[in-house]
Amino acid sequence: MNNFETNKVVRLINNSAFADAEKLLENALQKSDDRLAHYLKSIVFAKSARLDEAEAELLNMIEKDPCDVDALNVLALVYRRQNKLKDALGIFNEAVELDQNRAEFYYHIADIQILDGNLKAASMAYAKVIEFDSYFAPAYNNLGIVYFENQEYNKAVNILRQGVKLAGINPKFHFNYAIALSSINMLSEAAREYEVALSLKPFWTSALNNLGVTQARLGDIDHAGGLFDLVLDEDPFNPEAWNNLGVILAKQSFREEALNHFRRALEIREDYEDAKLNIQILEADKNDFVFSLFNMLLDEDTDIHINIFKTQSSPLQGEYLGVPIQHLVDLFKYLKGITAFLPQDDRNDFTQSDVRLNIEHIINTLEGHRGILQEVQEKEDDSDGGESEKSDGKELKVSELTDFFEYLEQLTSNIPDASLAELLTSKIKKAVAAIK
């Protein structure tokens, strides 16, 4: 392949035009058995989730040249996407033996060790990455998190600080650094880092929540309460924000309002132990009320982000039922949000219903948070020759959409404006019929 052909194929791959790229590569391979064409073909297969074909292409390359480190690298990544972690690790170790100075190999080895739960080995591999490439910011971030998980908090702070200096525009790095700072009670510094994260990613609910917790611990109760209000504006079903705002209200001596907030948190998450304990504290002897406030629990998001590429969280692309998937995501997020404005009884029913879980499942599925997803419209033929929905928990079932729309139909039928109710009900029935 000449440079022009190579650059054209790379552009097509980067634009996800995999079919066009594959066609050009097939034409090139008909002219000559070109190594680069085979390599790019394996990339096309891997990126379009044709992992078995990618594996076969790479194994063929390695059979011809066992020292082809680029092919070994991609093959290991393919094994990782197939969750064959031991195979992936073995291939990366082979690649390292052939080229001991490639930082990316150690980075991938560390990621696999993280996925396999081996934090000590991961920390050694991330340190090796930094040794070979002192500007590799994600390695600083991940090594800092490994230290944090091992409760080596001062080490975590020091290494995450270096990561922030290298990747100052990454909001997750500032978020992680702030959590580490909080762990050693550097609260003012943590607050500043949360503010930087929010300047880079406005209205990030986890950062808003944590900044609120930090401000409360610094004694700025009013500021903290305002931040929790902002979280609930963005996410009305956020149990941590309801709990935390309840704590603020309790500290401001609004006892009944605080109890209502804790109960609201429990409606959203029935097993929410912090909210249960806060209710017990407030329902105890009123003479102990002021003293008991010191024991009330604020809930901080300590799920700090390790910078591992997770194939199981790739958003679905294209269309579903003729509608762009991103439009569906936006629709369901909007519908989830407006349920906060239902009458109290309907809102309570919704919060405790399976429908709310279905909405969240639909959003998570379409955004790719339910595991390695295949075609969402794909069905299995049952023994009667008909179709049955997949039910392995990884894919979106049609009934989840229809259940939600039927629930929406029930709500709209109670709208006081009869003509509007009729119009919406008609549209919903058409949607349900189309989906079925």
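It should be emphasised that the depicted structure is a prediction, and the values quoted were computed from it without experimental measurement.

### Describing the side chain of Asn 243
Now for step 1: Within the element layout of this structure, Asn 243 appears in helix α15 (residues 239-251).
Now for step 2: With relative accessibility at 0%, the residue Asn 243 sits in the buried group.
Now for step 3: A polar atom in the side chain of Asn 243 sits 3.3 Å from the side chain of Asn 244.
Now for step 4: Apart from the residues lying within four places of it in its own chain, the contact partners of Asn 243 are Phe 262, Ala 265, Tyr 272, Asp 274, Ala 275, Asn 278, Leu 297, Leu 298 and Asp 299.

### A closer look at the packing of helix α13 (residues 205-217) against α15
Now for step 1: Two elements in contact, α13 and α15, have axes whose closest approach is 11 Å; the angle formed by their N-to-C orientations is 20°. Our classification of the angle between α13 and α15 gives roughly parallel. The two elements α13 and α15 cross, and the hand of that crossing is left-handed. Contacts between α13 and α15 involve Asn 209, Val 213 and Ala 216 on the former and, on the latter, Glu 240, Ala 241, Asn 244 and Ile 248.
Now for step 2: Residue composition of the contact of α13 with α15, by class: four nonpolar, two polar and one charged.

### Here's the deal with unusual backbone geometry
Now for step 1: Its identity as a non-glycine residue notwithstanding, Ala 49 has a phi of 65°, on the positive side.
Now for step 2: One can find Ala 49 in the loop between α3 (35-47) and α4 (51-64).
Now for step 3: The class for Ala 49 is partly exposed, based on a relative accessible area of 44%.
Now for step 4: The phi dihedral of Asn 83 is positive, around 65°, even though this residue is not glycine.

### Quick notes on the packing of aromatic side chains
Now for step 1: Going through the model one piece at a time under the given rule, you end up with seven aromatic pairs.
Now for step 2: Both rings, one in Tyr 106 and one in Phe 132, keep their centres 5.4 Å apart while their planes meet at 20°; by these two values the pair is stacked. Note that Tyr 106 is positioned in helix α7 (residues 103-115) and Phe 132 in helix α8 (residues 119-132), a separation of 26 residues in sequence.
Now for step 3: Judged by relative accessible area, Phe 132 falls into the partly exposed class, the value being 31%.

### Examining the confidence of the model for the protein chain
Now for step 1: The predicted model of the protein chain has a mean per-residue pLDDT of 79, with 69% of residues at 70 or higher.
Now for step 2: Ranking the elements of the protein chain by mean pLDDT puts strand β3 (residues 380-381) last with 30 and helix α12 (residues 187-200) first with 95.
Now for step 3: When the criterion is pLDDT under 50, residues 309-313 qualifies, and its contacts beyond four places in sequence or with other chains add up to 11 contacts.
Now for step 4: In this model, residues 369-395 is a region of pLDDT below 50 whose contacts with residues beyond four sequence positions or in other chains number 52 contacts.

### Quick notes on the environment of Leu 89
Now for step 1: Relative to the assigned elements, Leu 89 resides in helix α6 (residues 85-98).
Now for step 2: Spatially, the C-alpha atoms of Leu 89 and Gln 113 are 8.3 Å apart, while their sequence positions differ by 24 residues.
Now for step 3: In this view, Leu 89 contacts Ile 109, Ile 112 and Gln 113; residues no more than four positions away in its chain are not counted.

### Remarks on the pattern of salt bridges
Now for step 1: Summed over the entire model, instances satisfying the criterion amount to 18 salt bridges.
Now for step 2: Note that Arg 50 and Glu 22 form a salt bridge whose closest N and O atoms lie 2.8 Å from each other. Residue Arg 50 is located in the loop between α3 and α4, and its partner Glu 22 is located in helix α2 (residues 18-31); the two are separated by 28 residues in the primary sequence.
Now for step 3: The partly exposed category is assigned to Arg 50, whose relative accessible area is 27%.

### Thoughts on the nonpolar core
Now for step 1: In this structure, Ile 13 and Tyr 126 are the most contacted members of the largest nonpolar core, which totals 103 residues.
Now for step 2: Excluding its chain neighbours within four sequence positions, the residues that come into contact with Ile 13 are Phe 18, Ala 21, Leu 40, Ile 43, Val 44 and Lys 47.

Conventions we followed
Residues numbered from 1 in each chain as written. Predicted model: local features only at pLDDT ≥ 70, side-chain atom pairs only at ≥ 80, totals over all residues. Heavy atoms only, no water. Helix = DSSP H or I, 4+ residues; strand = E, 2+ residues; numbered from the N terminus. Buried < 20%, exposed > 50% of the residue type's maximum accessible area, 1.4 Å probe, protein only. Polar contact = N/O pair within 3.5 Å; in protein donor to acceptor, adjacent residues only side chain to side chain. Contact = heavy atoms within 4.5 Å. Axes fitted to C-alpha atoms, helices over the stretch in contact; angles between N-to-C directions. Parallel < 35°, antiparallel > 145°, perpendicular 65-115°, else oblique. Left-handed = near helix turned anticlockwise from the far one by under 90°. Nonpolar A, V, L, I, M, F, W, Y, C, P; charged D, E, K, R; others polar. Phe/Tyr/Trp six-rings, centres within 6.5 Å; stacked < 30°, edge-to-face > 60°. pLDDT = per-residue confidence, 0-100. Salt bridge = Lys/Arg side-chain N within 4 Å of Asp/Glu carboxyl O. Core = buried A, V, L, I, M, F, W, Y, C linked by side-chain atoms within 4.5 Å.

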